[in-house]
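# Observations on the model geometry
Single-letter residue listing:
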Amino acid sequence: MTEITAALVKELREKSGAGMMDCKKALTETNGDIEAAIDWLRAKGISKADKKSGRTAAEGLIAIAGAGHKAVVVELNSETDFVARNDAFQDLARGIAEVALSTDGTVEAISAATYPASGKPVADTIKDAIATIGENMTLRRSAKLEVEHGVVATYIHNAAGDGIGKLGVLVALKSVGDKAVLTSIGRQVAMHIAATNPLAIRAEEVDAAVAERERNVFIEQSRESGKPEAIIEKMVEGRMRKFFEEVALLSQAFVINPDLTVAAAIKEAEKTAGAAIEVVGMARLLLGEGVEKEETDFAAEVAAVAKG
């Protein structure tokens, strides 16, 4: 059996927001499995934590470049926000996004592509910038969307300048309709995605493992009611329908007009665009998502130095 250490309890407490004793019990019940312990806490109604993305600590910038029918979003990390405000770093982020437009959009392809200003691969250009600025940098993530007919709309939230910020969204709309209308509704949908972070475009596209995990949590929560299994099954099915409505883009209430779903808002836009509109892709990059910066106890650090 896995030893339930203080460090393990602390980690679960930070991720779930639950009390120390509840965390210890959850870890004991799940043999030290952090993810299973989070689900156990949720099932017991002790914690609603189901995402670790809130603990974003990495600095840097999200940069977007677009060309109508295609667009790309990249994440360039730095150690401090001070460097992220540096003009040279911002220009580098924008430049990398522009280079990425002519690649397949993967980090590997972008890193190997030539950066025009230096005549070197992007990877080497980043190394040169590290030497100049004196801080580590990483091209961490990227995504590219492209459509033959239609537009790829973009949106930057918390913009730090033209095409750069803390959160970037792409949404690909397939249509032969009016480009201006497509760009307008596309930007609105991109803003919606920035706000709600949907797991998939449609309910049937939600990852099966994620859906199964939610179902298991709902089953455990429903069993706490003590109701018969037949009733529990109906309760779970109802909660799963609501879950899919909440996490699938097209069934979500449109943030710009909550009286409509996103699907209904797009249907309305079709009347002005003069053609059907289909959402065929989306990408959302939040700066530092899933990265935890090591926290240091400054007082303890000073005390340690003082002791020699």
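Residues numbered from 1 in each chain as written. Predicted model: local features only at pLDDT ≥ 70, side-chain atom pairs only at ≥ 80, totals over all residues. Heavy atoms only, no water.

## Focus: the overall build of the chain
In terms of regular secondary structure, the chain is built from 12 helices and 11 strands. Expressed as lengths along the three principal axes of its C-alpha atoms, the size of the chain is roughly 70 × 60 × 30 Å. Burial status across the chain gives 42% buried among its 308 residues. Sequence-distant contacts, at least 24 apart, represent 64% of the contacts inside the chain between residues at least 6 apart. (Helix = DSSP H or I, 4+ residues; strand = E, 2+ residues; numbered from the N terminus. Buried < 20%, exposed > 50% of the residue type's maximum accessible area, 1.4 Å probe, protein only. Contact = heavy atoms within 4.5 Å.)

## A closer look at the UniProt feature "domain: Translation elongation factor EFTs/EF1B dimerisation" (unreviewed entry) in the chain
Following the UniProt record, the feature "domain: Translation elongation factor EFTs/EF1B dimerisation" (unreviewed entry) maps to residues 71-289 here. Regarding residues 71-289, the helix share stands at 46% and the strand share at 26%, and the terminal C-alpha atoms are separated by 21 Å. (UniProt positions renumbered as here; feature names shortened; annotations may be inferred.)

## Some thoughts on the domain arrangement of the chain
Here the domain parsing of the chain yields domain 1 (6-51), domain 2 (56-146) and domain 3 (207-246). Here domain 1 and domain 2 have C-alpha centroids that lie 37 Å from each other. (Domains from an automatic or database assignment.)

## Section: the sheet that holds strand 2 (residues 70-78)
Ordered in space as 5-2-1-7, the 4 strands form an open sheet in which the pairing is antiparallel. The open sheet terminates on both sides in strands that have one partner only, identified here as strand 5 (137-146) and strand 7 (164-165). Pairing geometry for strand 1 (residues 59-66) and strand 2, over 8 bridges, is antiparallel. The residue bridging A65 from the neighbouring strand is V72, located in strand 2. Running at roughly 145° to strand 2, helix 5 (residues 87-100) makes contact with strand 1, strand 2, strand 5 and strand 7 of the sheet. (Pairing = 2+ DSSP bridges. Axes fitted to C-alpha atoms, helices over the stretch in contact; angles between N-to-C directions.)

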